[in-house]
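# Architecture and fold: a report
Each chain, letter by letter, is given below.
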Amino acid sequence: MEVPYSYLPRQFANLDPFLEDVRELAASGDFTLGKPVGEFEERFANLCGLPYAVGVGSGTDALILSLKMVGVGPGDEVITSPNTFVATVGAIAMTGATPVFVDNGDDYTIDASKIEAAITSKTKALLPVHLSGHPANMPAIMEIADRRGIKVVEDAAQAILASIDGQHVGSWGETACFSLHPLKNLNVWGDGGVIVTRSAEMNEKLRLFRNHGLGTRDEVLMWGHNSRLDSLQAVIANRLIDQTESITQTRIDNAAFYDNAFSDLGEYVVIPPRRSNIKQVYHTYVIRVSDRDSLHHHLMDKGIRAKVHYPIPLHLQEAARPLGYHEGDFPVCEEHCRTIISLPVHEHLTQEELDYTAGTLREFYTG
Amino acid sequence: MKVPYVNLPAQHAPIKEQLLNAVAKVIDHGRFILGPEVDEFEERFAKMCGVKYAVGVNSGTDALILSLHALGIGPGDEVITVPNSFVASAGCIAMTGAKPIFVDSQGDLNINPDLIEAAITPQTRAILPVHLSGRSCDMSPIMKIAKSRGLHVIEDCAQAVGAEYRGQQVGSFGSAGCFSLHPLKTLNACGDGGVLTTNDPQLYQSFKELRNIGLKNRDECVAWSNNSRLDTMQAAMLLVKMEHLHEWTEQRRSNALLYQRLLDGIPSIMVPSDHDYERSVYHTFVIQAQYRDELKSYLSEQEVSTAIHYPIPIHLQAAAQNLGYCVGSFPVTEKQASSILSLPIYPELTEEQIEYVAACIRNFYELRTGDGSPVLLSAETIR
């Protein structure tokens, strides 16, 4: 049986309603910051329970624009964790600031208890990543940030609708940055991103900054980027956004199924802590396993498209060489990189596919 | 007669089904990010420009930023460009942390090569000439200066896909050429898009990595960077449009020719026409007109929409305050800013529409008294 990691062919099996919307857009010619973008921004802000959302070119751009608008630049330091997608760190570097890493905890997000030791006089911002759709420990992070007078930007690329005690990600930091990449829980037909914020002033600044700093067609109030969510992508997002809650619930159910199926495999499989006050939205379903590479091969051989997010920690990437880190600097992260595996968890999996995946993993360990 | 300034629905109507089919094909294969259509587009774009390599990115602005990054230009560096351009030409320099240095333009709205040398300092790393309005800059002297002073040339080709200088296409002279595929460009996506060109295999490699977060493969990151990829979806639609580009460009050129003929001999205006060294693609058709604002309102009364590219020179924008320029710093650009007017030039214009626009302009000047007092005209007078 083939268990695909990507669900796109299933998601868009019935294309006609989407194409109808695209046809309408083409007839209007409203391709840049058009009506669909405004509509999407309003709906996305509502979904997050926040007043403002700003559509941008990608989740990466969401981070770059946010960091620059909270005042991060050359000479500053920004703290994040080394187990994330490279864009988190690339975004910091793009502002001219230096990325500073802090090890993560057993839930794959930054270990808040280690942040304080990494703060220097140059620390301008904390950039916690809600990796795999699990919110970072925001109450603890905000306590530190507020006490030390440091800004917080949330990397929520993988975490739409995740929450702690019912409070959504995106509601703690100055801004939170979401990705609408085709493999995200809310996805479009190419690159796209969105920034949410509680601040009217930040909302205004981001709107200028994503559009060349243009206050009007002709007036440039500040130097800026060009990073706009395409109207075309907003049209797709508007069609999908109402499904976000149900997509999330299906992923949570699929994860619960795996958790239960692996509950007696403790010798081989470590399921990260599942805390009752945390709503994890399972952009990825990541467990730690013994003999990871062999299991990965075995699953692939059996047609199950498992993945590793991510095999090389950021501090050991070639790009990080000038930062001066070494193997051993972040033992938890490094251990995770050797043992983590992501099983397909998307909302288009059938029960048969879930059974097959869980059964194949069990068979690998118990023969 | 109504003459809109742009008419995208008219461009898309005859090819709409082809575009939708191209979109559907992308959805079927599901490779929304750097899919096969991006490769195909890049290959065909490079071939069309007569360069070795092309790399699709998220916008013309990003093309400029990425080429500056790839050449290692950043804080402390200076880059020379013009104050009469779309803001992105200078904004991209500021985004890298480098400082934009302006040089005045000449009669064709492009950089005046004679003024470049005086703007070079020890911090200068590159010259960023803008092929504004679809017309090539005078590249020979620019390349000569760059070579003798050890500077990079990054061509801002945002408005000039297919424009030629002495038979060679823009985007093939400098270290890199930066094109925009914005919906209002001559080769246009249905959203933001851009493309980089180069003949340098090393730069090509850098561009490919830098537009994709510095990733060499799925897991290995060789340089920190941003994410700036041309969407597969846009590439698929661009491939459809590329089939028509030659014909569209020819139509723009023949529209320009018709304007040139019909507006000939009006002393109060300067009408653009090709230098002997260039072949323009007329992204915009920018006349320089006496009493510009009155002419613009008059045309608007006659239902002819026009635009101004651009009314405020970049050095006088609020964003440029820190650069230390003032009114009078660039007299040619400043004078042009008050006289330039872009007439509708898109391929779908009819001959009747162009004749009507030209007749309106001619009438405006015939009826306008020469003593500086505004002329009182009504729609009836001209009909």
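What counts and what doesn't
Residues numbered from 1 in each chain as written. Chains lettered and ligands numbered in written order. Predicted model: local features only at pLDDT ≥ 70, side-chain atom pairs only at ≥ 80, totals over all residues. Helix = DSSP H or I, 4+ residues; strand = E, 2+ residues; numbered from the N terminus. Pairing = 2+ DSSP bridges. Domains from an automatic or database assignment. Contact = placed C-beta atoms within 7 Å. Nonpolar A, V, L, I, M, F, W, Y, C, P; charged D, E, K, R; others polar. Expected span 1.5 Å × (residues − 1). Buried ≥ 20, exposed ≤ 12 C-beta atoms within 10 Å, placed from the backbone. Arc of directions from axis to C-beta. Axes fitted to C-alpha atoms, helices over the stretch in contact; angles between N-to-C directions. Parallel < 35°, antiparallel > 145°, perpendicular 65-115°, else oblique. Left-handed = near helix turned anticlockwise from the far one by under 90°.

### As for the overall build of chain A
Of regular secondary structure, chain A possesses 12 helices and 13 strands. Over its C-alpha atoms, taken along the principal directions, chain A stretches across nearly 70 × 55 × 40 Å.

### Points about the sheet that holds strand 11 (residues 278-279) of chain B
Sheets are built from strands paired through backbone hydrogen bonds, the pairs being either parallel or antiparallel. Residues and elements named next belong to chain B. Ordered by their spatial adjacency, 3 strands build an open sheet running 7-6-11, and the pairing between neighbours is antiparallel. Each having just a single partner strand, strand 7 (168-169) and strand 11 make up the two edges of the open sheet. Relative to strand 11, strand 6 (residues 164-165) is paired through 2 bridges, and the arrangement is antiparallel. Bridge assignment links Tyr-165 to a residue of strand 11, and that residue is Glu-278.

### Remarks on the pairing of strand 4 (residues 123-126) of chain A
Residues and elements named next belong to chain A. The pairing of strand 2 (residues 77-80) with strand 4 spans 3 bridges and is parallel. Looking at strand 4, one finds that Glu-77 is bridged to Thr-123. Looking at chain direction, strand 4 and strand 5 (residues 151-155) are connected through 2 bridges and run parallel. The partner of Leu-126 across the bridge, within strand 5, is Val-152.

### Observations concerning the domain arrangement of chain B
All names here are of chain B. Per the domain assignment, the segments of chain B are domain 1 (8-240) and domain 2 (245-382). Computed from C-alpha coordinates alone, the two centres of domain 1 and domain 2 are separated by 26 Å. Of the residues lining the interface, 30 residues belong to domain 1; the matching set on domain 2 comes to 28 residues. If you list the elements that add at least two residues to the side of domain 1 that touches domain 2, you get helix 1 (8-12), strand 3 (99-102) and strand 6. Residues that form the side of domain 1 that touches domain 2 fall into these classes: 13 nonpolar, 11 polar and 6 charged.

### Points about unusual backbone geometry
Following His-309 of chain A, the chain continues into Tyr-310 of chain A via a peptide bond in cis, with omega recorded as 5°. Turning to its location among the elements, Tyr-310 of chain A is positioned in the loop between helix 10 (292-301) and helix 11 (331-339). Note the cis peptide between His-309 of chain B and Tyr-310 of chain B, where omega equals 10°. Among the secondary structure elements, Tyr-310 of chain B is positioned in the loop between helix 9 (292-301) and helix 10 (331-337).

### A few points about helix 9 (residues 244-261) of chain A
Residues and elements named next belong to chain A. Its 18 residues give helix 9 an end-to-end C-alpha distance of 26 Å, which sits within 8% of 26 Å, the value for a rise of 1.5 Å per residue. Listing the buried residues of helix 9 in full gives Ile-247, Thr-248, Arg-251, Asn-254, Ala-255 and Tyr-258. Buried residues of helix 9 fall within an arc of 125° about the axis and therefore sit on the same side. Of the exposed residues in helix 9, those oriented more than 90 degrees away from the buried face are Glu-245, Ser-246, Ala-256 and Asn-260. In this fold, the buried residues of helix 9 make contact with strand 12 (285-289), strand 13 (340-343) and helix 12 (351-366).

### Observations regarding the sheet that holds strand 2 (residues 78-81) of chain B
Residue and element names in this part refer to chain B. Within the open sheet, the 7 strands sit side by side as 1-9-8-5-4-2-3. Their pairing is mixed. Looking at the sheet topology across the chains shown, the edges are occupied by strand 1 (53-57) and strand 3. Sheet twist, expressed as the average angle between the axes of neighbouring strands with direction ignored, equals 25°. Bridge analysis of strand 8 (residues 176-180) against strand 9 (residues 194-198) gives 4 bridges, and the strand direction is antiparallel. By the bridge assignment for strand 9, Cys-178 is matched with Leu-196.

### Some points on the packing of helix 10 of chain A against helix 12 of chain A
The relative placement of two packed helices is expressed as an angle between their axes plus a distance between the axes. Residues and elements named next belong to chain A. With their axes 10 Å apart at the nearest point, helix 10 and helix 12 run at an angle of 135° to one another. It follows from the interaxial angle that helix 10 and helix 12 lie oblique. For the element pair helix 10 and helix 12, the recorded crossing hand is right-handed. Side by side, helix 10 and helix 12 meet where Leu-295, His-298 and Leu-299 of the first sit next to Thr-360, Leu-361 and Phe-364 of the second. In terms of residue class, the contact of helix 10 with helix 12 is built from 4 nonpolar, 2 polar and no charged.

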